[in-house]
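Examination of the molecular architecture
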Amino acid sequence: MATTKKSKKTKKRNYKPKPQLSNTRKPEDMTVEQWQIGLRKQIAEKSDFKFSNIGDGLVFSDYKVYNADTKNNYKVALRSVDNSLNYCSCYDFKTNQLGTCKHIEAVLIFISKRPDLRKALNQPYSTTYSSMYMEYRGERKIKFRIGTENENEYKKLFKPYIDKAGGLTEKGFAEIDEILQKAFQINTSFRCYDDALSHIIQWREKKERKEFLAPYFKQNKLPEIKSLKVKPFPYQTEGILFCAAAGRSILADDMGLGKTIQAIAVAQLLHEHRQVQKVLIICPTTLKYQWQSEIEKFTTETTTVIEGNYLNRQKLYKKEDSLYKIASYNMAVNDLELIDEFQPDLIILDEAQRIKNWQTKISRSIKKLQSKYALVLTGTPLENKITELYSLVQFIDPLHLGSLYNFISTYEQTDETGKVIGYQNLHEVKDRLKHILLRRTKKEVLKQLPSRTDKNLFVSITDEQRAVHDDYAEMVMKIVMRWKKMGFLKEEDRQRLMI
């Protein structure tokens, strides 16, 4: 009798793959913030990151995150599970207004996969020390976090200087030196993070510039600029004062209204009154020598045009015999390290539409350049897409308009396929840019412009030009003679005559 062997049936588990979020289409059941945080978690799960705890905490600590793909290191400070206190040194964290990024999410995922660490992650985070830090979620704010040591003393110190949301008030910005001095006196373990302090310094310097220039704004008059040889028109004086007071700004006057002379005057004003010693002008290749000519025509300064091979350009950046260095966009992209060593105080971008497309190599590279002051010149700040304006503002202040996704979702109107069909609330954009962007049209300043002067110059042609001209004249004469004689022209002769 034959026997049959029963085979063991294995149960197949039905694994449902986790749905992937689209980079371009927001799911209907998610808010914009939830969608963007989800995208960063999605990237973190797929990325090849390596982690090392460089702080003194088990879970809530400082981490070094290494990206094997880009070969870059980032510092992550993990302080809370809800991302209210976390920090990352990457650019995305500072601009996305979410309080998180792919590096922070990667650290959280790494910890959650370790049972010994996951338990500690769910414990409330507290520290003994107090600190001043920058809040990046939503609008930027300077805040204080109070630790367990000297808790009551710190609460009493900070109370007069914070608003209802816990942010530092204008009074606090003005008196920060005294606040920090008292904070360190209470306990030397108090911490003041660099990004928060840098933000306060920028705010105070801008206030000082405005106070210095306030009397000149009322009279629409420039401070004494000894090196400037020309007297600007009234609207140009207004533009010079605006840009100098802003520190970092966009001058978007119509073509022909003298953006170049205004930029030169801004540089000279900052040079003589705000200790600017190094100015870098980045412009199209065809305009380098025009800038040199204009500077030497309108000022007593000398210039250095950056050109030649790498070693020659390196020497030119190090030369200290001129206030101005002039480079093309392509040259600047190749010289990022040299410019970083040069450390310009003021960067002027001419024909700045070169950086309107934030996805191009030129745009991404130019935005890496660092300087205390910046001036962007363009006659067309907005041509086709509102993202062009966003890209220009990124160079001036990458945090001014918030995150790109939030900017687009607020001001763009799209159809079901995601195609842009219109814009909305553009008056809000204008209001947000009023302190950093100035634009005047020819119609607005027409009365201030000099009357038109026409001058006709007659130039004799060369012998070579005369020979070519006579050949064509003879040909035309023959065709016209045939026309008069026959009363009509063949199609071949008519075409030759038109040509």
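Look a little higher up for the structure.
Residues numbered from 1 in each chain as written. Predicted model: local features only at pLDDT ≥ 70, side-chain atom pairs only at ≥ 80, totals over all residues. Heavy atoms only, no water.

**A closer look at the state of the cysteines**
Applicable threshold: Any cysteine sulfur atom paired with another within 2.5 Å is treated as part of a disulfide.
In the structure shown here, the tally under the stated rule is 0 disulfides. Cys-88 forms no disulfide, and the closest cysteine sulfur to it belongs to Cys-101, at a distance of 3.6 Å. With no disulfide of its own, Cys-192 has Cys-88 as its nearest cysteine by sulfur position, at a separation of 20 Å.

**A word on the pairing of strand β3 (residues 72-77)**
Let me state the cut-off plainly: Any two strands between which DSSP finds at least two bridges are classified as paired. Helical segments are the DSSP runs of H or I of at least four residues, strand segments are the runs of E of at least two, and each set is numbered from the N terminus.
Of the pairings in the sheet, the one linking strand β2 (residues 62-67) to β3 comprises 6 bridges and is antiparallel in character. Counterpart to Val-65 in the pairing with β3 is Tyr-74. Between the end of β2 and the start of β3, which pair antiparallel, lie 4 residues, with Lys-71 showing a positive phi angle near 65°. In this structure, β3 lies alongside strand β4 (residues 87-88), joined through 2 bridges in antiparallel fashion. Opposite Ala-77, over in β4, you have Tyr-87 as the bridge partner.

**Considering the side chain of Ser-371**
Heads up, the rule is: Throughout this description, a polar contact denotes any pair of N or O atoms lying within 3.5 Å of each other; where both atoms belong to protein, one of them has to be capable of donating a hydrogen while the other can accept it, and for residues adjacent in sequence the pair is counted only when both atoms sit in side chains.
Note on placement: Ser-371 falls in the loop between α15 (361-366) and β13 (373-377). At 2.7 Å, the side chain of Ser-371 forms a polar contact with the backbone oxygen of Tyr-373.

**Considerations on unusual backbone geometry**
In plain terms, the rule: Relative accessibility under 20% of the residue-type maximum defines a buried residue, over 50% an exposed one, and the middle range a partly exposed one, all with a 1.4 Å probe and only protein chains included.
For Asn-220, which is not glycine, the phi dihedral falls at a positive 50°. Mapped onto the secondary structure, Asn-220 falls in the loop between α8 (194-219) and α9 (234-246). Here Asn-220 falls in the partly exposed class, since its relative accessible area comes to 32%. Positive phi, normally seen in glycine, also occurs at Gln-275, with a value near 65°. Checked against the element boundaries, Gln-275 lands in the loop between α10 (259-273) and β9 (279-283).

**What about the pairing of strand β12 (residues 346-349)?**
Side-chain positions along a regular strand alternate between the two faces of the sheet. Of the two faces of β12, both are covered, the one formed by Leu-346 and Ile-348 as well as the one formed by Ile-347 and Leu-349. Here β9 runs beside β12; their pairing, made up of 4 bridges, is parallel. Each residue of the ladder has a partner; that of Leu-280, found in β12, is Ile-347. Sheet topology note: the β12/β13 ladder contains 4 bridges and is parallel. Residue pairing for β13: Ile-347 is matched across the bridge by Ala-374.

**Description of the nonpolar core**
Test applied: The nonpolar core is taken to be a set of buried Ala, Val, Leu, Ile, Met, Phe, Trp, Tyr and Cys residues, with the residues joined through side-chain atoms within 4.5 Å. Contact definition: two residues touch when any of their heavy atoms are within 4.5 Å.
With 40 residues, the main nonpolar core has Leu-78 and Met-132 as its most contacted residues. Per element, the largest residue contribution to this core is 6 residues, and it comes from helix α3 (residues 102-112). Beyond its immediate stretch of four places on either side in the chain, Leu-78 contacts Val-59, Phe-60, Ser-61, Tyr-63, Asn-86, Ile-104, Val-107, Leu-108, Ile-111 and Leu-121.

**Regarding the sheet that holds strand β5 (residues 131-135)**
If you walk across this open sheet you meet the 3 strands as β6-β5-β7, and the pairing is mixed. Each edge of the open sheet is held by one strand with a lone partner, namely β6 (141-145) and β7 (191-192). For β5 and β7, the ladder comprises 2 bridges, and the chain directions are parallel. Within the sheet, the bridge partner assigned to Met-132 lies in β7 and is Cys-192.

**Let's talk about the sheet that holds β3**
Taken together, the 4 strands give an open sheet; going across it, the order is β1-β2-β3-β4, and neighbouring strands pair in antiparallel fashion. The open sheet has two edge strands, β1 (49-53) and β4, and neither has a second partner. The sheet contact formed by β1 and β2 spans 5 bridges and is antiparallel. Across the sheet, residue Ser-52 finds its bridge partner in β2, namely Lys-64.

**Section: the packing of aromatic side chains**
So the rule is basically this: Here the aromatic set is Phe, Tyr and Trp, taking the six-membered ring for Trp, and pairing holds for ring centres within 6.5 Å; pairs whose planes are under 30 degrees apart are stacked, those over 60 apart are edge-to-face, and all others are tilted. As a reminder, the over-ring test applies to NZ of lysine and CZ of arginine, requiring each to be within 6 Å of the ring centre and within 35 degrees of the ring normal.
With the rule as written, the count across this model stands at 14 aromatic pairs. Taken together, a centroid distance of 3.9 Å and an interplanar angle of 5° make the contact between Phe-144 and Phe-158 stacked. You can see Phe-144 sitting in strand β6 and its partner Phe-158 sitting in helix α5 (residues 151-158), a full 14 residues away along the chain. Looking at Phe-158, the relative accessible area reads 2%, which means it is buried. Through pairs of rings, three or more aromatic residues link up here, namely Phe-144, Tyr-154, Phe-158, Phe-184 and Phe-190. It is Arg-191 that lies over the ring of Tyr-129; its NZ or CZ is 3.7 Å from the centre. Taking NZ or CZ as reference, Arg-248 lies 5.8 Å from the ring centre of Phe-395, over its face.

**Focus on the environment of Glu-205**
Tracing the chain through its elements places Glu-205 in helix α8. Residue classification places Glu-205 among the partly exposed residues on the basis of a relative accessible area of 24%. As for Glu-205 and Ala-246, which are separated by 41 residues in sequence, their C-alpha atoms are 10.0 Å apart. When sequence neighbours within four positions are dropped, the list of residues in contact with Glu-205 reads Arg-274 and Lys-372.

**Some thoughts on the packing of helix α19 (residues 463-486) against helix α20 (residues 491-498)**
Threshold: Here an axis means a line fitted to C-alpha atoms, over the contact stretch when the element is a helix, while the angle between two N-to-C directions is reported on a 0 to 180 degree scale. Orientation labels follow simple angle bins: below 35 degrees gives roughly parallel, above 145 gives roughly antiparallel, 65 to 115 gives roughly perpendicular, and whatever is left gives oblique. For any helix crossing, the convention is left-handed if the near helix is rotated counterclockwise from the far helix by under a right angle, and right-handed if that rotation is clockwise. Ten residue types, Ala, Val, Leu, Ile, Met, Phe, Trp, Tyr, Cys and Pro, are classed as nonpolar, four, Asp, Glu, Lys and Arg, as charged, and the remainder, Gly among them, as polar.
Two elements in contact, α19 and α20, have axes whose closest approach is 10 Å; the angle formed by their N-to-C orientations is 140°. As far as their axial angle goes, α20 and α19 are oblique. In this structure, the crossing between α19 and α20 has a hand that is left-handed. Contacts from Met-475, Val-476, Ile-479, Arg-482 and Trp-483 of α19 reach α20 at Asp-493, Arg-496 and Leu-497. Class assignment of the residues belonging to the contact of α19 with α20 gives a composition of 5 nonpolar, no polar and 3 charged.

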